[in-house]
Amino acid sequence: MADGESQWDLELDETILQDLYAWIDQIPLSRPKKRIERDFSDGVMVAELVKYYFPNWVELHNYAPANNTQQKMINWGLLNRKVFSRFGFNVPESIMRGISLGKTGLVETFLYNLRVKIDDYLYGMENNTSDPEYRILFRANNQYKNTPRADLARQNDNTVAPGPAKIPPFNKTKPAPITGDSVSRLVYEEKEQECIAKDEQIQILNAKIRRLEHLLHLKDVRLQDLTDKIEKPSKVRR
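For the structure given in this document, a descriptive report is provided here. (Residues numbered from 1 in each chain as written. Predicted model: local features only at pLDDT ≥ 70, side-chain atom pairs only at ≥ 80, totals over all residues. Heavy atoms only, no water.)

## Description of helix 2 (residues 14-25)
Quick reminder of the rule: Secondary structure elements follow DSSP: runs of H or I no shorter than four residues count as helices, runs of E no shorter than two count as strands, and numbering proceeds from the N terminus. Helix span is expected to be 1.5 Å times the residue number reduced by one. Relative accessible area decides the class of each residue, using a 1.4 Å probe on protein chains only: under 20% of the type maximum gives buried, over 50% gives exposed, and in between gives partly exposed. In this description, the arc belongs to the directions extending from the helix axis to the C-beta atoms. Think of a polar contact as two N or O atoms within 3.5 Å of one another; within protein, one of them needs to be a possible hydrogen donor and the other a possible acceptor, and neighboring residues in sequence only count if both atoms come from side chains.
With 12 residues, helix 2 should reach 16 Å at 1.5 Å per residue; the first-to-last C-alpha distance of 16 Å fits that figure. All of the buried residues in helix 2 are Ile-16, Leu-17, Leu-20, Trp-23 and Ile-24. The arc enclosing the buried residues of helix 2, seen along the axis, measures out at 120 degrees, which places them on a common side. Exposed residues on helix 2 whose side chains face more than 90 degrees from its buried face are Glu-14 and Thr-15. Regarding helix 2, its N-cap is Asp-13, as a side-chain oxygen of that residue lies 3.2 Å from the backbone nitrogen of Thr-15 further along.

If you want it as structure tokens, here you go:
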């Protein structure tokens with residue numbers, strides 16, 4: 001079984017599905033989640049999902065909400081060319097059409113594979129967190145979490161989270177005398193930077209855990225496939 005085919009033939013057990021749904025629930029989306037087959041069928045919420053992790057990669061105005069299959073396929077085609085390709089992720093047209101038509105179980109397989117690609121990308125930065133692109137993506141991600149669109153999404157999910165307080169810029173041309181307030185502000189900024197660094201590490205470690213779980217699952221699938229191939233000739237000989 002080729003890797004390109006096996007990634008779409010996965011059978012996701014209940015534990016993996018519940019973990020997948022929990023992952024989706026933690027991401028702020030512009031529409032309330034009702035039926036997953038319909039929610040993601042036009043690709044708009046997929047674009048929002050990717051933008052949550054990589055804000056500079058997706059321009060949401062390019063993806064129009066749609067009920068007709070033609071517009072849905074336009075959205076999916078654009079995602080495939082402009083966004084998924086950056087992960088080395090190619091979604092076959094048959095899969096995109098199946099999702100557009102609301103085929104049961106297909107969107108979960110797609111989202112599972114998308115999550116793996118996102119995790120792979122973040123995991124690849126584990127030893128290179130000083131990479132300027134990584135810093136830009138992470139800080140842009142924090143900015144996106146505090147936009148009106150994200151606020152609306154959190155209201156839809158009843159999970160409104162407060163954004164970080166904005167720190168007034170220092171006067172670089174005229175140093176201010178050191179006061180108790182200035183010291184506390186400096187301490188606050190240092191603590192904020194520490195929190196950002198810890199958040200980065202948590203994000204990377206979570207991605208690493210999910211990647212290892214994914215590799216174990218693929219190993220089980222591969223072993224089962226090989227077992228089936230071994231058992232078939234023995235049954236024929238009988």
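## Re the nonpolar core
To keep it simple, the criterion reads: For the purposes of this section, nonpolar cores are sets of buried Ala, Val, Leu, Ile, Met, Phe, Trp, Tyr and Cys residues that join through side-chain atoms within 4.5 Å.
Core analysis: the largest hydrophobic core is formed by 40 residues, its most contacted members being Phe-40, Phe-84, Phe-110, Leu-111, Leu-114 and Ile-118. Among the secondary structure elements, those contributing two or more residues to this core are helix 2, helix 4 (44-53), helix 5 (69-82), helix 6 (93-100) and helix 7 (106-123). It is helix 4 that contributes the most residues to this core, 8 residues altogether. Within the second largest apolar cluster, 6 residues are counted, among which are Leu-10, Ile-16, Tyr-112 and Val-116.

## Points about the packing of helix 5 against helix 6
When two helices pack together, you describe them by how their axes are tilted relative to each other and by the distance separating the axes. To keep it simple, the criterion reads: Note on geometry: axes are lines fitted to C-alpha atoms, helical ones only across the stretch in contact, with angles between N-to-C directions running from 0 to 180 degrees. We call two directions roughly parallel when the angle between them is under 35 degrees, roughly antiparallel when it is over 145, roughly perpendicular when it lies between 65 and 115, and oblique otherwise. We call a crossing left-handed when the near helix sits turned anticlockwise from the far one by less than a right angle, and right-handed when that turn is clockwise. The contact definition used throughout considers only heavy atoms, calling two residues in contact when any of these lie within 4.5 Å. Ten residue types, Ala, Val, Leu, Ile, Met, Phe, Trp, Tyr, Cys and Pro, are classed as nonpolar, four, Asp, Glu, Lys and Arg, as charged, and the remainder, Gly among them, as polar.
Running from N to C, helix 5 and helix 6 cross one another at 135 degrees; their axes reach a closest spacing of 10 Å. One element, helix 5, and the other, helix 6, form an angle in the oblique class. Regarding helix 5 and helix 6, the two cross each other, and that crossing is right-handed. Contacts between helix 5 and helix 6 pair Thr-69, Lys-72, Met-73, Trp-76, Gly-77 and Asn-80 from the former with Glu-93, Met-96, Arg-97, Ile-99 and Ser-100 from the latter. Of the residues belonging to the contact of helix 5 with helix 6, the class tally is 4 nonpolar, 4 polar and 3 charged.

## Description of the side chain of Thr-109
Residue placement: Thr-109 occurs in helix 7. Reaching out from Thr-109, the side chain makes a polar contact with the backbone oxygen of Gly-105 at a distance of 3.4 Å. If we ignore the near neighbours within four places in the chain, the residues touching Thr-109 are Gln-7, Trp-8, Leu-10 and Leu-12.

## Some details on the packing of aromatic side chains
Where we set the bar: We call Phe, Tyr and Trp rings a pair once their centres come within 6.5 Å, taking the six-membered ring for Trp, and we label the pair stacked below 30 degrees between planes, edge-to-face above 60, and tilted otherwise.
Under the defined criterion, the tally for this structure stands at 12 aromatic pairs. Here the aromatic rings of Tyr-52 and Tyr-53 are separated by 5.1 Å at their centres, their planes lie at 90 degrees, and the arrangement is edge-to-face. For Tyr-53, a relative accessible area of 7% puts it in the buried group.

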